Number of protein chains: 2
Amino acid sequence: MTDKLTPLRVQIDSIDAQILDLLSRRARLAQEVGHVKAETHAPVFRPEREAQVLRGVAERNPGPLPAREVQTIFREIMSACRALEKRVTVAFLGPSGTFSEQAVFQQFGSAVECLPCVSIDEVFRATEAGTADFGVVPVENSSEGAVNRTLDLMLATTTIISGEVAIAVHHSLMTRTGNMDGVTVVAAHSQALAQCQVWLNQHYPQLERRAVASNAEAAVMASNDASVAAIASEMAGEQYKLGVVQAHIQDDPHNRTRFAVIGHLQTNPSGSDQTSLVLAVPNKAGAVYNLLAPLARHGVSMTRFESRPARIGTWEYYFYVDIEGHVHQAAVASALAELKDNAAFFKVLGSYPLSL
Amino acid sequence: MTDKLTPLRVQIDSIDAQILDLLSRRARLAQEVGHVKAETHAPVFRPEREAQVLRGVAERNPGPLPAREVQTIFREIMSACRALEKRVTVAFLGPSGTFSEQAVFQQFGSAVECLPCVSIDEVFRATEAGTADFGVVPVENSSEGAVNRTLDLMLATTTIISGEVAIAVHHSLMTRTGNMDGVTVVAAHSQALAQCQVWLNQHYPQLERRAVASNAEAAVMASNDASVAAIASEMAGEQYKLGVVQAHIQDDPHNRTRFAVIGHLQTNPSGSDQTSLVLAVPNKAGAVYNLLAPLARHGVSMTRFESRPARIGTWEYYFYVDIEGHVHQAAVASALAELKDNAAFFKVLGSYPLSL
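Criteria and cut-off values
Residues numbered from 1 in each chain as written. Chains lettered and ligands numbered in written order. Predicted model: local features only at pLDDT ≥ 70, side-chain atom pairs only at ≥ 80, totals over all residues. Heavy atoms only, no water. Contact = heavy atoms within 4.5 Å. Buried area = accessible area lost by both parts, 1.4 Å probe. Salt bridge = Lys/Arg side-chain N within 4 Å of Asp/Glu carboxyl O. Helix = DSSP H or I, 4+ residues; strand = E, 2+ residues; numbered from the N terminus. Buried < 20%, exposed > 50% of the residue type's maximum accessible area, 1.4 Å probe, protein only. Arc of directions from axis to C-beta. pLDDT = per-residue confidence, 0-100. Least-squares fit on C-alpha atoms with pLDDT ≥ 70 in both. Axes fitted to C-alpha atoms, helices over the stretch in contact; angles between N-to-C directions. Left-handed = near helix turned anticlockwise from the far one by under 90°. Nonpolar A, V, L, I, M, F, W, Y, C, P; charged D, E, K, R; others polar. Core = buried A, V, L, I, M, F, W, Y, C linked by side-chain atoms within 4.5 Å. Disulfide = S-S within 2.5 Å.

Draft legend 1. Examining the interface of chain B and chain A more closely. Contact with chain B, which involves 69 residues of that partner, is made by 68 residues of chain A. Interface area for chain B against chain A, summed over the two sides, is near 6,300 Å², with a carbon-plus-sulfur share of 71%. Summed over the shared surface of chain B and chain A, the number is 8 salt bridges. Its salt-bridge partner being Arg26 of chain A, residue Asp16 of chain B comes within 2.7 Å of it at the nearest N-O pair. Of all the secondary-structure elements, those providing two or more residues to the side of chain B that touches chain A are helix H1 (2-39), helix H2 (47-60), helix H3 (67-85) and helix H10 (234-239) of chain B. Per-element tally for the side of chain B that touches chain A: the top contributor is H1 of chain B, with 27 residues.

Written out as structure tokens, the structure is:
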């Protein structure tokens, strides 16, 4: 075998030497970019440029490597080159080793300074104060819905959104004992129950399904009561000392949580972008429908619409809206101008590249 | 600024295209390697080969990228190419998002199947049974010392060590309130107290220092008593709902935990290796000293020596010994042959590349 492997490994070593040389040349060019940017105090991290590079390598990738893994390699290349200019500091909801930290690495690569914070509030504070260049906060959790504190703080602070990251999230079936002996109830947030219903019908059709306020609460119940199984993340299971009966039971293996990258950076168009807004209207019939008419008129697609009771101020509800496109695009700009005229409250949270 | 940046970005794009082409050629060669290996049922993952490639790129790295970041990039390149042959499955002490998972990625790159397990026992079981190709288990924790369960299972199972990984570990000072009002005691494992003593002398010289069984126990105490501050990982703080007074207070910023990569793979020499053994001798004066004499005689350095009370069998103590070098090296082989003759119990746990 060694006889056959040796010439192949010699060729691989020669390719590695060429890659190493190209990485070095790329890094020197990145340093020149850094010098140009420093003259004009331009930002080191340009999400739209990095998104374009990652999409580009995926499009031109000749195989046999999957596009996703080529992107992982290029994310690390850009991260390392960027760190030569300046190591970007990123605040996130700690501790280390959470999905939030994973989202940081997915957006910035591993050559960053991580600043774990104890609360979403503190992530916003560190980012507003400039202690961190960026913050990463959960926006929408597929098992718990919108992360309300994040939505409130987006409204209340001066930070804007400069990117988004989607992270795969898995549900597991867990009990105090790690087996199903004597279990009669399976508890979880209603969305998590819904997301696992095919699997539950197949494996445990006889169990009572009990919807509770959160998956974490289900985990607490299971930890106190051997007749209850919880559906929750394994992290929650660990916290409440549950045993895993079966991991990854969600029907959709691509179940995801979305994170927003917040900061002060206005992102330029990348060619495939999204814009987030907050709106309010006086509470009268048809007001919301009329409010959104300009989007349809200008052919701008709405990808998300969420209402949230106002906790302060004049309006009963705030509406969080995501639309396709970038504020620098003519159709989007026209639609938003009209929308602003109709709205009692209007704030653009940011335009940014769609997550990969 | 755009005028100056455009030509630089054109050059970077051209380099990226060349890197992409080389990655594709490297991947095709890796596929050929896979075919050769498949004919002879040779293992997909060769730790010594990957360690050599990573050391090689660090040595030949012309800069300006730091060697560590070049290694991160090449680790992902090898991981992606290896996954074309076969995606290696790695069991570890879960849940996802722990230091153990970080150790998995540091050894195997991100293109692996992760199998989170609920206990160290289960990691060994999954690896012995072949459910996982490899397992990653903590061996030595700089704040708690040796991980005894791992040592016991290394003795009791047929798995061998094929690699090691060191992960940076940070200590934080935490209280129920997140501030130090009314705090009179700081609690932690004695090793953690020792590792933070310079910082404590400087910032809180007046506090009583109380050594407890583990940092987790200190976190529990702090969660029950507002006059106690705990030194522990932020992960433990999160679990017990503590606020961080100050992160990263350990005097040595390079504080580390070591993990072993276990499996069935005999690793070949990489040029910079370590060998782990377990020994026992009858309990009489000078026995241990005499036992180790062959190492000195053959010029083999001992890098770690740890005794552990036997829980089963004839011997009072087992000795866990790490030495420099590989069992295939003549001096090491001779020393071990003599050592085996003198020992009442002798087991080589494995020879493997030193962690980077």
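Draft legend 2. Expanded view of helix H5 (residues 120-129) of chain B. All names here are of chain B. All of the buried residues in H5 are Ile120, Val123, Phe124, Ala126 and Thr127. Relative to the axis of H5, the buried residues are bounded by an arc of 165° and lie together on one face. Opposite its buried face, H5 presents the exposed residues Arg125 and Ala129, each directed more than 90 degrees away. The positive-phi residue at the C-terminal boundary of H5 is Gly130, with phi of around 85°.

Draft legend 3. Region of interest: the confidence of the model for chain A. With 92% of its residues at a pLDDT of 70 or more, chain A has an overall mean of 86. Mean pLDDT values for the elements of chain A range from 62 in strand E4 (residues 145-146) of chain A up to 94 in strand E6 (residues 172-175) of chain A.

Draft legend 4. How the structure looks around the relation of the copies chain B and chain A. Note on the copies: chain B fits chain A at an RMSD of 0.1 Å, the axial shift is 0.0 Å, and the rotation between them is 180°. Interpreted geometrically, this transformation is the action of a two-fold axis. Mapped onto chain A, 99% of the interface residues of chain B are again interface residues, and the two copies thus contact each other with one and the same surface.

Draft legend 5. Examining the packing of H2 of chain B against H3 of chain B more closely. All names here are of chain B. The geometry of H2 relative to H3 is characterised by a closest axis approach of 9 Å and an angle of 145° between their N-to-C directions. Of the two elements, H2 crosses H3, and the hand of that crossing is right-handed. Residues Glu50, Val53, Leu54, Arg55, Val57 and Ala58 of H2 pack against Ala67, Val70, Gln71, Phe74, Arg75, Met78 and Arg82 of H3. Grouping the constituent residues of the contact of H2 with H3 by class yields 8 nonpolar, 1 polar and 4 charged.

Draft legend 6. Structural context of the nonpolar core. In this structure, Phe74 of chain A together with Phe74 of chain B are the most contacted members of the largest nonpolar core, which totals 48 residues. Only helix H1 (2-39), helix H2 (47-60) and helix H3 (67-85) of chain A together with H1, H2 and H3 of chain B provide two or more residues apiece to this core. Setting aside anything within four residues of it in sequence, one finds Phe74 of chain B in contact with Asp16, Ile19, Leu20 and Leu23 of chain A together with Leu54 and Val57 of chain B.

Draft legend 7. Broad picture of the state of the cysteines. Residue and element names in this part refer to chain B. In the structure shown here, the tally under the stated rule is 0 disulfides over all chains. The thiol of Cys81 is not disulfide-bonded; the next cysteine sulfur, from Cys114, is found 19 Å away. A relative accessible area of 2% means that Cys81 is categorised as buried. Exposure remark for Cys114: the relative accessible area of 25% places this residue in the partly exposed category.

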